[in-house]
Amino acid sequence: MVMAGPVWKTGTKITFADKGSAKLHELPADLVFVVNEKPHAIYKRDGNDIFITYKVTLPEALKGTTVNIITLDQRDLAIVVTDIITPEYELMVSQEGMPVGKDRGCRGDLRVQFEIKFPTYLTSEQKMALRHALGS
């Protein structure tokens, strides 16, 4: 069994010299494994950065929220967001991505993208309150 490290990306080759099949009167071949990343259920990888989509309600998007994420190494991150979250908004958390090379102190970034859940129905009172609050 070959245990892949977190710094190994798709296409990385692991070679075991002279461990492949051999024919009579010939040297054994090299045994070469090529890494192919298995997709993660929550995270997507782009180089050393990892991406996650986090769902928020419309009130959370407008007034702020705390983003609670369990990292790939099972740590709990609680990130306070005070900005207004728009559909294009992306939160970057530095040094929370994949390790960069053999330097364990250097990591890519965690990039949080947001999916805003809009209500499917508003009462006339709620609509009036929104018009008043948003000034239209």
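Scroll up to find the structure.
Residues numbered from 1 in each chain as written. Predicted model: local features only at pLDDT ≥ 70, side-chain atom pairs only at ≥ 80, totals over all residues. Heavy atoms only, no water.

### Concerning the layout of surface pockets
And step 1. Volume-wise, the second largest pocket comes out at about 180 Å³.
And step 2. If you go around the second largest pocket, you meet 13 residues; those closest to its centre are Leu72, Asp73, Gly97, Met98 and Arg107.
And step 3. Split into classes, the residues belonging to the lining of the second largest pocket amount to seven nonpolar, two polar and four charged. (1 Å grid on protein atoms, 1.4 Å probe; cavity = no way out; pocket = protein on both sides within 12 Å on 5 of 7 lines; lining within 4 Å. Points joined across faces, edges and corners; volume = space filled by probe spheres on them. Nonpolar A, V, L, I, M, F, W, Y, C, P; charged D, E, K, R; others polar.)

### Describing the sheet that holds strand 10 (residues 110-117)
Backbone-to-backbone hydrogen bonds pair the strands of a sheet. The strands run either parallel or antiparallel.
And step 1. What the four strands build is an open sheet, ordered 3-4-10-7; its pairing is mixed. The open sheet is flanked by strand 3 (44-46) and strand 7 (90-93), the only strands paired with a single partner. Averaged over all pairs of adjacent strands, the angle between strand axes in this sheet comes to 30°, irrespective of strand direction. (Pairing = 2+ DSSP bridges. Helix = DSSP H or I, 4+ residues; strand = E, 2+ residues; numbered from the N terminus. Axes fitted to C-alpha atoms, helices over the stretch in contact; angles between N-to-C directions.)

### A short note on helix 2 (residues 124-134)
And step 1. By the criterion of burial, helix 2 is predominantly exposed, with just zero of the eleven residues buried.
And step 2. Of the residues one or two after helix 2, glycine 135 is the one with positive phi, at around 75°. (Buried < 20%, exposed > 50% of the residue type's maximum accessible area, 1.4 Å probe, protein only.)

### Concerning the side chain of threonine 71
And step 1. Structurally, threonine 71 is set in the loop between strand 5 (65-70) and strand 6 (76-81).
And step 2. What makes threonine 71 buried here is its relative accessible area of 6%.
And step 3. Engagement of the side chain of threonine 71 in a polar contact is seen with the side chain of aspartate 73, the distance being 2.4 Å. (Polar contact = N/O pair within 3.5 Å; in protein donor to acceptor, adjacent residues only side chain to side chain.)

### Thoughts on the pairing of strand 9 (residues 103-107)
And step 1. As defined by bridge partners, strand 8 (residues 99-100) adjoins strand 9 across two bridges and the pair is classed as antiparallel. Counted as the bridge partner of proline 99 is arginine 107 from strand 9.
And step 2. Taking the residues that link successive antiparallel strands as the turn, the strand 8-strand 9 hairpin has two residues, and the phi of glycine 101 there is positive, at about 60°.

### A word on the packing of aromatic side chains
And step 1. Scanning the model with the defined rule gives three aromatic pairs in all.
And step 2. Ring geometry for phenylalanine 16 versus phenylalanine 33: centroids 6.1 Å apart, planes at 90°, classification edge-to-face. Here phenylalanine 16 is found in strand 1 (residues 13-16), whereas its partner phenylalanine 33 is found in strand 2 (residues 31-34), with 17 residues between them in sequence.
And step 3. Residue phenylalanine 16 is classed as partly exposed on the basis of its relative accessible area, which comes to 34%.
And step 4. Judged by centre distance (5.7 Å) and plane angle (45°), the rings of tyrosine 89 and phenylalanine 114 are tilted. Pair noted here: tyrosine 89 is in the loop between strand 6 and strand 7 and phenylalanine 114 is in strand 10, with a separation of 25 residues, a long-range link. (Phe/Tyr/Trp six-rings, centres within 6.5 Å; stacked < 30°, edge-to-face > 60°.)

### Concerning the side chain of aspartate 109
And step 1. In this structure, aspartate 109 sits in the loop between strand 9 and strand 10.
And step 2. If we skip the residues at most four places from it in the chain, aspartate 109 touches Asn48, Asp49, Ile50, Met92, Val93, Ser94, Gln95, Glu96 and Gly97. (Contact = heavy atoms within 4.5 Å.)

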